[in-house]
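Spelled out from the first residue to the last, the chains are:
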Amino acid sequence: QVQLVESGGGLVQAGGSLRLSCAASGSSFSKNAMAWYRQAPGKQRALVAFISSGGNTNYVDSVKGRFTISRDNAKNTVYLQMNSLKAEDTAVYYCYEPGSGYWGQGTQVTVSS
């Protein structure tokens, strides 16, 4: 089984920063693409950022320039560095492994304005 465990969420003020982590086990992490999704209240879950096994990244327009996805293959961990946070970033954030179709449990990010 693949297990993805997110951490790092919390309550921050607008303009602040958080770094989310997702630790993976049960898969060949270094060979797998990883992604971060989020689901805001009343909205569908949506892709935020994507990183390929080779380190190529893509972002939804609303977070470009503010969020950075990265990975540390030695630690089997993918990160989402979130800077200049806005109230509209408030959501439950999930990591996802496309190869397995497994999701993490989610971590709440709340940005106060």
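Reading the values: the criteria
- Think of each chain on its own: its residues are numbered from 1, step by step along the sequence as written.
- Under the rules for a predicted model, residues below a pLDDT of 70 receive no local features and side-chain atom pairs below 80 are neither given nor counted, while totals for whole chains, interfaces and linings still include all residues.
- Side-chain descriptors were evaluated using all non-hydrogen atoms of the structure, hydrogens and water having been removed beforehand.
- For two strands to count as paired, DSSP must find a minimum of two bridges between them.
- A run of DSSP states H or I qualifies as a helix once it reaches four residues; a run of E qualifies as a strand once it reaches two. Both are numbered from the N-terminal end.
- Only the stretch in contact is used when a helix axis is fitted, and all axes are lines through C-alpha atoms; the angle between N-to-C directions ranges over 0 to 180 degrees.
- Two cysteine sulfur atoms make up a disulfide if the distance between them is within 2.5 Å.
- For the exposure calls, accessible area comes from a 1.4 Å probe over protein chains only, and a residue counts as buried if that area is under 20% of its type's maximum, exposed if over 50%, partly exposed in between.

Novice: Before we move on, could you go through the sheet that holds strand E7 (residues 67-72) and cite the residues and values that matter?
Specialist: Strand order in the open sheet formed by 4 strands is E1-E3-E8-E7, and the pairing between neighbours is antiparallel. In the strand order of this sheet, the two ends are held by strand E1 (3-7) and E7, each with one partner. Neighbour-to-neighbour, the strand axes of the sheet open up by a mean angle of 15 degrees, direction not taken into account.

Novice: Describe the state of the cysteines, with residues and values.
Specialist: Disulfides are covalent bonds that connect the sulfur atoms of two cysteines. Within this structure, the stated rule accounts for 1 disulfide. Between the sulfur of Cys22 and that of Cys95 lies a disulfide, 2.0 Å long from S to S. On the S-S bond that ties Cys22 to Cys95, the torsion sits near 50 degrees, and the link is right-handed. Of this pair, Cys22 sits in strand E3 (residues 18-25) while Cys95 sits in strand E9 (residues 91-97); the two residues are 73 residues apart in sequence, bridging distant segments of the chain. This pair shows no difference in class: Cys22 is buried, exactly as Cys95 is.

Novice: I'd like a description of unusual backbone geometry, backed by residues and values.
Specialist: Backbone geometry places Asn76, a non-glycine residue, at a positive phi of 50 degrees. Tracing the chain through its elements places Asn76 in the loop between E7 and strand E8 (77-82). The exposure class of Asn76 is partly exposed, given its relative accessible area of 29%. Here Ser84, not a glycine, exhibits a phi torsion of approximately 50 degrees, which is positive. Its location among the elements puts Ser84 in the loop between E8 and E9. With relative accessibility at 40%, the residue Ser84 sits in the partly exposed group.

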